[in-house]
Amino acid sequence: MSMTMLMVLFGLVCGYFLHIAPSQSTFIAACLSLSSTPLVVKFLGSTHKHGKAEDKEDTDYSSTLLSILVVQDIQLGLLVAILPALAGANNQLVIHEHHSSSKAFKFFHVLILIFEIVASLWSVLMLSFFISRYLVSPIFYRLRGEANKELLLLGAVSLAFFMLTITNSFGISMELGCFLAGAILSTQGHSLVDEIQHITEPLKDFFSALFFTSIGLHIFPTFVLYEFSILLSLTFVVVITKCMTAAFVLGFLLPTTDSNIKWIVASGLAQVSEFSFVLGSRARRLGILSREVYLLILGITTLSLLLAPVLWHFSTYRFKRLPRSVNVH
């Protein structure tokens, strides 16, 4: 959370000098502060697969990385959840600006917006708790008793569609509904979760391929070629800023003897999450971002993901071979 706040603060400062609206610069910084969980998991898997037996240092930076990414995934869910509400607020403010320019009116409208978002999130969470305890548990208990993988797969997919319908009806994004469906299934026991993960693996890989293919359709080669120098410069700024911010925060959280782990974790968090595509796309459709800013986010995210393997392998090769620093008093 502190890393995201520092990135948002840095984005606000840059937006002030570049004359970008604070709401837009805050949203862009929040998008770029997220890191890719699937990519880091692949990195960790390949490191442990091709390396020797896993030692204590490997376990330390793996657990630290995954813990941070779990928190970022929760932040992603909150960002996705409030997007429709933010878009509606912007449209209402534009309409009411013709009738009233009072700052008190705008402040009151913001308070109403915050109350609506909190009330919607609270209602959805309470409803999710009720569904998890009184509906999902008995239904999946019977589905599992049937020993039919097709029925279990259909039940998991149906739960995702059911939850996205609920969140959409509350004015919250559908992506949060799918996230809550996964969270509900995770409360049903490790054996059921492992079985569902196994049978949904082909489906997940299929939709992942469709996801990245559809994102590639939005990247215009002419735009990348014409603006390549700007995109590359901005990518280096974002990657370096994320790496230094993570190292700065981890320097306070980790023991002084774990400076090597600090830099490995920071390099793993330096790229931008592929879900920035989703946030940017929805923000563009809702009128929060312009087309040019959306294309910049696409370019920066793509280049950072391409640079991520190089930075990861360099950091693991460089810092895992250094002795841990000794705390001298």
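Please read all numbers here as calculations on a predicted model, not as lab measurements. (Residues numbered from 1 in each chain as written. Predicted model: local features only at pLDDT ≥ 70, side-chain atom pairs only at ≥ 80, totals over all residues. Heavy atoms only, no water.)

(A) Structural context of the overall build of the chain. A tally of regular secondary structure across the chain gives 13 helices and 0 strands. From first element to last, N terminus to C terminus, the chain shows the α and β order α-α-α-α-α-α-α-α-α-α-α-α-α. For the chain, buried positions account for 40% of its 329 residues. The contacts in the chain between residues at least 6 apart in sequence include a share of 77% that link residues at least 24 apart. (Helix = DSSP H or I, 4+ residues; strand = E, 2+ residues; numbered from the N terminus. Buried < 20%, exposed > 50% of the residue type's maximum accessible area, 1.4 Å probe, protein only. Contact = heavy atoms within 4.5 Å.)

(B) Broad picture of the layout of surface pockets. In this structure, the largest pocket occupies an estimated 2700 Å³ of space. Around the largest pocket, the lining comprises 50 residues; the ones closest to its centre are Cys178, Phe179, Lys204, Ser208 and Phe275. Listing elements by their share of the lining of the largest pocket, those giving two or more residues are helix H3 (37-50), helix H4 (56-97), helix H6 (149-169), helix H7 (174-186), helix H8 (190-216) and helix H12 (275-285). Sort the elements by how many residues they give to the lining of the largest pocket and H8 lands first, with 13 residues. (1 Å grid on protein atoms, 1.4 Å probe; cavity = no way out; pocket = protein on both sides within 12 Å on 5 of 7 lines; lining within 4 Å. Points joined across faces, edges and corners; volume = space filled by probe spheres on them.)

(C) Here's a closer look at the side chain of Ser25. Position of Ser25 among the secondary structure elements: in helix H2 (residues 22-32). Sequence-distant contacts of Ser25, defined by excluding residues within four places in its chain, comprise Gly11, Leu12, Gly15 and Ile20.

(D) Focus on H7. End to end, H7 covers 19 Å across 13 residues, agreeing with the expected 18 Å (1.5 Å per residue, within 8%). For H7, the full list of buried residues reads Leu176, Gly177, Leu180, Ala181, Ile184 and Leu185. (Expected span 1.5 Å × (residues − 1).)

(E) H2, seen in detail. With 8 of 11 residues buried, H2 lies mostly within the body of the structure. Buried within H2 we find Gln24, Ser25, Phe27, Ile28, Ala29, Ala30, Cys31 and Leu32.

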